[in-house]
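# Examination of the molecular architecture
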Amino acid sequence: MRLRHIPGSEEAIASSPFVVQEPEKQKGNWHALFGNANPIAIEVGMGKGRFMMELAGENPDWNYIGIERYSSVLLRGLEKRKELDLPNIWFLCVDAKDLGNSFVQGEVERIYLNFSDPWPKDRHAKRRLTSPDFLKVYDQILAKEGTLEFKTDNQGLFAYSMEVIPAAGWKILDYTNDLHHSLMFKGNVMTEYEAKFSAKGNPIYKLIARR
C-alpha cells in the first residue's frame, strides 16, 4: 500500500499529547494511564480515527486505544482529536505485529479490525490482519472472554478470514454477509471507508470471534 507522505508528520506525532510515545513502558499498566479500571478496546489500523473517537464519545465506561502504523494517516486522526474532549482514548504509532510488546495477556477486552488492507496476492497472505500470524499476536494480549470484531467490504478477505480464524482455534460467534441489512447492525458505528462503500450499495461483511 502506497501512501502520500506528509512532511513533518513524524515530528508532529512525537510531540502530540494524545500519542503514547513509549507504549512498552505502559505494558501491564494501561489502567493507571487511563486512571480507571474500565475495559480496554483497541483498533488495529484505525485510519483517520472516526470509528474509535465516536466509540469513545458514546461509551465513557470503556477505554480506547487507536493503533496506526502510518504517521501520515495517524496525523489526520490527531487533527480531529484536538477538537474533541475525550479523556478515554489514546493513540499508538506502532506495527500490529509488535503489540505483544505493549500489552500483557488479558489486558485488552476487545480488538477491532476495520477495512484492513486485503493483500489479495497469495504471497502477501501473511500481511493480512486476520492471518494466523496476527491471530497469534492477538492471542498474546486478549482477555480470556475477549472478542475480535472484523468488518470489511472485501468478499475475498472475508472468505479467507472465515476459514483461517476457526482453523487457528478461534470460535466465530456471529457473522453476516450484509451488515447494514442484518440484526448485527444495531449499535453499529461506521468508519470513513464504511460510509463510502455502503453509500455505493456495497455489502459490508462482519464477524465476531473469540478464542
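Parameters and conventions
Residues numbered from 1 in each chain as written. Predicted model: local features only at pLDDT ≥ 70, side-chain atom pairs only at ≥ 80, totals over all residues. Heavy atoms only, no water. Phe/Tyr/Trp six-rings, centres within 6.5 Å; stacked < 30°, edge-to-face > 60°. Helix = DSSP H or I, 4+ residues; strand = E, 2+ residues; numbered from the N terminus. Buried < 20%, exposed > 50% of the residue type's maximum accessible area, 1.4 Å probe, protein only. Lys NZ or Arg CZ within 6 Å of the ring centre and 35° of its normal. Arc of directions from axis to C-beta. Pairing = 2+ DSSP bridges. Right-handed = clockwise from strand over helix to strand, strands pointing away. Core = buried A, V, L, I, M, F, W, Y, C linked by side-chain atoms within 4.5 Å. Contact = heavy atoms within 4.5 Å. Salt bridge = Lys/Arg side-chain N within 4 Å of Asp/Glu carboxyl O.

Centre-to-centre distance and the angle between the planes together describe a pair of aromatic rings. One pass over the structure, following the stated rule, counts 8 aromatic pairs. Ring centres 5.2 Å apart and planes at 25° place the aromatic pair tryptophan 30 and phenylalanine 103 in the stacked group. In this pair, tryptophan 30 is assigned in helix 2 (residues 30–34) and phenylalanine 103 in the loop between strand 3 (89–92) and strand 4 (108–114), connecting sequence segments 73 residues apart. The same class applies to tryptophan 30 and to phenylalanine 103, which are both buried. Among the aromatic side chains, those forming a connected cluster through ring pairs are Phe115, Tyr193 and Phe197. Positioned above the aromatic ring of tyrosine 160, the side-chain terminus of arginine 128 is 4.5 Å from the ring centre.

Attention shifts here to helix 5 (residues 132–141). Looking only at helix 5, the buried set comprises Phe134, Leu135, Val137, Tyr138 and Ile141. End-on, the buried residues of helix 5 take up no more than an arc of 155°, which puts them together on one face.

Most of strand 4 sits inside the fold, with 5 of its 7 residues counted as buried. Bridge count between strand 1 (residues 40–44) and strand 4: 4 bridges; the pairing is parallel. When the sheet's bridge partners are listed, valine 44 is paired in strand 4 with leucine 113. With 6 bridges joining them, strand 4 and strand 5 (residues 142–152) adopt parallel strand pairing. Within strand 5, the residue paired with leucine 113 across the bridge is phenylalanine 150. On the question of chirality, the crossover connecting strand 4 to the parallel strand 5 by way of helix 5 is right-handed.

Another point: the nonpolar core. With 36 residues, the main nonpolar core has Ile42, Val44, Ile65, Leu99, Phe103, Ile111 and Tyr138 as its most contacted residues. With near-sequence residues (within four places) excluded, tyrosine 138 lies in contact with Val44, Ile111, Leu113, Leu129, Leu148 and Trp170. One finds Val19, Met46, Ala56 and Leu74 within the second-largest nonpolar core, a separate group that totals 19 residues.

Opposite charge on two side chains allows them to pair when their charged atoms are near. Using the criterion set out here, one finds 8 salt bridges in the structure. Across the pair lysine 25 and glutamate 22 runs a salt bridge, and its minimum N-O distance is 3.1 Å. Given the relative accessible area of 40%, glutamate 22 is considered partly exposed. For the salt bridge of arginine 110 with glutamate 149, the shortest nitrogen-to-oxygen distance reads 4.0 Å. Of this pair, arginine 110 sits in strand 4 while glutamate 149 sits in strand 5; the two residues are 39 residues apart in sequence, bridging distant segments of the chain. In this structure, a network of salt bridges that share partners links the residues Arg110, Glu149 and Lys206.

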